[in-house]
Amino acid sequence: MKQALYIQNSLSGKKEEFKPIHKGFVGMYACGPTVYNYVHLGNCRTFVSFDLVYRYLLHLGYKVRYVRNITDVGHLENDADEGEDKIAKKAKLEQLEPMEIVQKYTLDFHDVLRKFNTLPPSIEPTATGHIIEQIEMIRKIIDNGYAYEINGSVYFDVNKYNESFPYGELSGRKVEELIAGTRDLDGQEEKRSPLDFALWKNASPEHIMKWASPWGIGFPGWHLECSAMSTKYLGEQFDIHGGGMDLKFPHHECEIAQGCSANGKSPVNYWMHGNMLTLNGRKMSKSAGNVVLPNELFSGENLELDKAYHPMVVRFFMMQAHYSSTLDFTSEALNAAEKGFDRLMEAFKTLQSLPAALTSTENTETLIAGFYEAMNDDFNSPVLVARLFEAVKYINSINDKKAGISEKDKESLIGAMKAFIFDVMGLQFKEDQDNSKLNGVMDLVIDLRQDARANKDFATSDKIRDYLSQIGITIKDSKDGASWS
RNA sequence: GGUCUCGUGGCCGAGAGGCUUAGGCACCGGUCUGCAAAACCGGUUACAGCGGUUCGAAUCCGCUCGAGACCUCCA
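Residues numbered from 1 in each chain as written. Chains lettered and ligands numbered in written order. Predicted model: local features only at pLDDT ≥ 70, side-chain atom pairs only at ≥ 80, totals over all residues. Heavy atoms only, no water.

Please explain the overall build of chain A as it appears in this structure.
When helices and strands are counted, chain A shows 16 helices and 15 strands. In terms of its C-alpha atoms, chain A occupies a principal-axis envelope of roughly 90 × 50 × 35 Å. Within the span of chain A, comprising 485 residues, buried residues form 51% of the whole. When the accessible surface of chain A is split by element, carbon and sulfur atoms take 50% of a total near 22700 Å². (Helix = DSSP H or I, 4+ residues; strand = E, 2+ residues; numbered from the N terminus. Buried < 20%, exposed > 50% of the residue type's maximum accessible area, 1.4 Å probe, protein only. Areas by Shrake-Rupley, 256 points an atom, 1.4 Å probe, with all protein chains shown as cover.)

Written as structure tokens, this is what we have:
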């Protein structure tokens, strides 16, 4: 099946047909987290968004190399010399070795993303593991004349660069305007222009994380690691680079500048930016302090919420919005997502036990084509979800004997729904698949309850139903017997 | 202050010149049920405001109001 996939490219501002550099292969990079704190739900949204992209590319048959970094060198909190390394700061605070901080929050990150059922990237490189590559890249940039060394630090020369390349093309900024908007910060004397950014910073004696370099003891600048690692694993030019909107400027802009200045060509063909998750209408952000932690959500132990939500409900909630739109987080919206998710998953189960008819009353091919159409249009998962609910309606109608489906169509619909719900959207059933003992027990309970009902002993049957309901099991009676979920 | 984005029904959220009643949730009525739940059928609520372009605008343009993002670390 040949599918034309369109991607909204932040670089051109247009929706473009996706054409990989090497036919059948995709190189994709996404900016990972700085592991100095627990990942919050907003962080997760971006990773789930690019997981969707990754999964759909895989589904289309591409061989994808997906690289997502771990930033384990603390970026400076600001551009001034007094700025403190975030990880080092946290290390002092928690009285831990910086690498203990890194390890602690990396484990948390992996744990949370596993709960969200995101696929692990093909390569997950760390910044500290690529100091040599970063130094090499700096050397290249200096050799090409786009960076200068001063007092053991190396800065990128934005004005020089701007003479040959359009600095600001990604974020739609102009150097003159940027300079006009510059604020005076301390410790900027070393730089030729306030727009210049550090490639390498000289480390003061008390600085904890530092390495030897041709320019002395120091540590790499903010934006360099992504350039160094993407170049190493994906080449000087690759297909897709993703990240949150908030990284567009300056981070991604600097990546382009570093790539162009080191290798003479723009590193990325398709830039994709995921939008923010908002809480009370504001961007969820660590520094702003309005954050929901995934584990609080899963356990229900958060002041804002009155109940727990399954990770898959949260993932489905994210799928109901387009990755490029802001998504507002409220318990009301989550409750709605929970019901919708349950309905979708129940219908999928129902589909498999549906009796086949001679002919179908709906065109399943059109239905399935609609799934692809949605995803081909810049990974439009909310439209995909809407189309899946069309299938849900059809399935339930068949179940109510108001519609029919042929054996052949049933098989293809099962295949397509399975692919889009599980493989592409990355959803899973809430319950463990391995609950054979519980199934046995429930068979007995339902049997006893049916006996009670047959004897019109509704006190007993209702007692069973109410008790089960309290522990989260719903009994559904129908003509063909009861089921539970 | 500069740059940019957005404002859709009770809530979340697609759509982007006519032809989607998008979809989910909520709500109302009906079918089914011992009663519920689920499911099905039907229904209600909409494109921030004001102008303009057009045969036709939620969709394009202008202005007004409102919200947000980036310009400093952030997904």
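Structure shown, so let's carry the discussion forward.
Just checking my understanding: could you explain the nonpolar core for this structure?
Side chains that are nonpolar tend, in soluble globular proteins, to be buried together. Met 28, Leu 57, Leu 297, Phe 329, Phe 379, Leu 413 and Met 417 are the most contacted members of the largest nonpolar core, which has 93 residues in total. With 10 residues, helix α1 (residues 41-59) is the single largest residue contributor to this core. (Core = buried A, V, L, I, M, F, W, Y, C linked by side-chain atoms within 4.5 Å.)

Would you explain unusual backbone geometry in this entry?
Comment: phi is negative for the bulk of residues other than glycine, and the bulk of peptide bonds are trans. Pro 250 follows Phe 249 through a cis peptide bond whose omega is 0°. By secondary structure assignment, the location of Pro 250 is in helix α8 (residues 248-263). Phi at Phe 379 is positive, roughly 55°, even though this residue is not glycine. Here Phe 379 is to be found in the loop between α12 (364-376) and α13 (381-399). The exposure class assigned to Phe 379 is buried, which follows from its relative accessible area of 0%. Not every positive phi belongs to a glycine, and Lys 456 is a case in point at roughly 60°. Take Lys 456: its relative accessible area is 63%, and that puts it in the exposed class.

Hey, could you run me through the state of the cysteines in this one?
Inspection of the entire model under this criterion finds zero disulfides. Here Cys 44 is not disulfide-linked; the sulfur of Cys 31 is the nearest cysteine sulfur, at 16 Å. Cys 44 sits in the buried class, given a relative accessible area of 0%. (Disulfide = S-S within 2.5 Å.)

I tried to follow the pairing of strand β4 (residues 63-68) on my own but got confused; where do I start?
As a general feature of sheets, a regular strand has side chains that alternate between the two faces. Across six bridges, the pairing between strand β3 (residues 25-30) and β4 is parallel. Paired with Val 26 across the bridge in β4 is Val 64. For the crossover that starts at β3, traverses α1 and ends in the parallel β4, the hand is right-handed. (Pairing = 2+ DSSP bridges. Right-handed = clockwise from strand over helix to strand, strands pointing away.)

Sorry if this is basic, but what is going on with the domain arrangement of chain A here?
By a widespread convention, an interface's size corresponds to the accessible area lost as its parts come together. Here chain A is partitioned into domain 1 (16-274), domain 2 (278-424) and domain 3 (436-484). Measuring from the centre of the C-alpha atoms in domain 2 to the corresponding centre in domain 3 gives 28 Å. (Domains from an automatic or database assignment.)

I tried to follow the packing of α1 against helix α10 (residues 311-319) on my own but got confused; where do I start?
Two quantities define a packed helix pair, namely the angle between the helix axes and the distance between the axes. Two elements in contact, α1 and α10, have axes whose closest approach is 10 Å; the angle formed by their N-to-C orientations is 70°. Judged by the inter-axis angle, α1 sits roughly perpendicular to α10. Contacts between α1 and α10 pair Leu 41, Cys 44, Arg 45, Val 48, Asp 51, Leu 52 and Arg 55 from the former with Val 314, Arg 315, Met 318 and Met 319 from the latter. Considered class by class, the residues forming the contact of α1 with α10 number seven nonpolar, no polar and four charged. (Axes fitted to C-alpha atoms, helices over the stretch in contact; angles between N-to-C directions. Parallel < 35°, antiparallel > 145°, perpendicular 65-115°, else oblique. Contact = heavy atoms within 4.5 Å. Nonpolar A, V, L, I, M, F, W, Y, C, P; charged D, E, K, R; others polar.)

Where do I start with the packing of helix α2 (residues 86-94) against helix α3 (residues 98-115) in this structure?
Between α2 and α3, the shortest axis-to-axis distance is 8 Å and the interhelical angle comes to 95°. In terms of their interaxial angle, α2 and α3 are classed as roughly perpendicular. Taken together, the residues of α3 that come into contact with α2 (itself represented by Ile 87, Lys 90, Ala 91 and Glu 94) are Pro 98, Ile 101, Val 102, Lys 104 and Tyr 105. Residues belonging to the contact of α2 with α3 are distributed by class as follows: six nonpolar, no polar and three charged.

How do you make sense of the protein's contact with RNA strand B when you look at a structure like this?
Taken together, 65 residues lie around RNA strand B, and Trp 222, Leu 247, Arg 282, Lys 283 and Met 284 are the ones closest in. Those atoms of RNA strand B that come within 4 Å of the protein belong to sugar or phosphate at a rate of 67%. At 2.8 Å from a base nitrogen of RNA strand B is found a main-chain nitrogen or oxygen belonging to Gly 42. The contact in question runs from a sugar or linking oxygen of RNA strand B to an N or O atom on the side chain of Lys 402, over 2.7 Å. (Near = heavy atom within 4 Å. Polar contact = N/O pair within 3.5 Å; in protein donor to acceptor, adjacent residues only side chain to side chain.)

Which parts of the structure should I look at to understand the packing of aromatic side chains?
Any aromatic ring pair is given by two values, namely how distant the centres are and how the planes are angled relative to each other. For the structure shown, the criterion picks out 25 aromatic pairs. For the pair Tyr 148 and Tyr 155, a centre-to-centre distance of 6.0 Å together with 35° between the ring planes defines the contact as tilted. Tyr 155 carries the same exposure label as Tyr 148, and that label is buried. By way of ring pairs, the aromatic residues Tyr 146, Phe 156, Tyr 161, Phe 165, Tyr 167 and Phe 197 are connected into one cluster. Between Arg 68 and the ring centre of Phe 47, over which it is positioned, the NZ or CZ distance is 5.5 Å. Over the aromatic face of Tyr 146 sits the side chain of Lys 160, whose NZ or CZ is 5.3 Å from the ring centroid. (Phe/Tyr/Trp six-rings, centres within 6.5 Å; stacked < 30°, edge-to-face > 60°. Lys NZ or Arg CZ within 6 Å of the ring centre and 35° of its normal.)

I'm lost on the pattern of salt bridges in this one. Help?
Side chains that differ in charge, positive against negative, can pair when their charged atoms come close. The final tally for this structure, using the stated rule, is 23 salt bridges. Glu 124 is paired through a salt bridge with Arg 68; the nearest N and O atoms lie 3.2 Å apart. A residue pair is termed long-range when its members are at least 10 positions apart, and Glu 124 in the loop between α3 and α4 (131-143) and Arg 68 in strand β4 qualify at 56 residues. Judged by relative accessible area, which is 27%, Glu 124 ranks as partly exposed. Of the charged contacts, one joins Arg 465 and Asp 462 as a salt bridge, the two residues approaching to 3.5 Å between their closest N and O atoms. (Salt bridge = Lys/Arg side-chain N within 4 Å of Asp/Glu carboxyl O.)

Looking at this model, I keep getting lost on the sheet that holds β4. Mind explaining?
Paired through backbone hydrogen bonds, the strands of a sheet run either parallel or antiparallel to each other. If you walk across this open sheet you meet the four strands as β4-β3-β9-β10, and the pairing is parallel. Single-partner strands in this sheet number two, and they are β4 and β10 (268-274). Recorded for the sheet is a direction-independent mean angle of 20° between the axes of neighbouring strands. As judged from the six bridges shared by strand β9 (residues 238-244) and β10, these two strands associate in the parallel manner. Bridged to Phe 238 within β10 is Val 268. Relative to the sheet, helix α7 (residues 224-234) contacts β3, β4 and β9, its axis offset from that of β3 by approximately 160°. Along the sheet face, α8 touches β9 and β10 and points at about 160° away from the line of β9.

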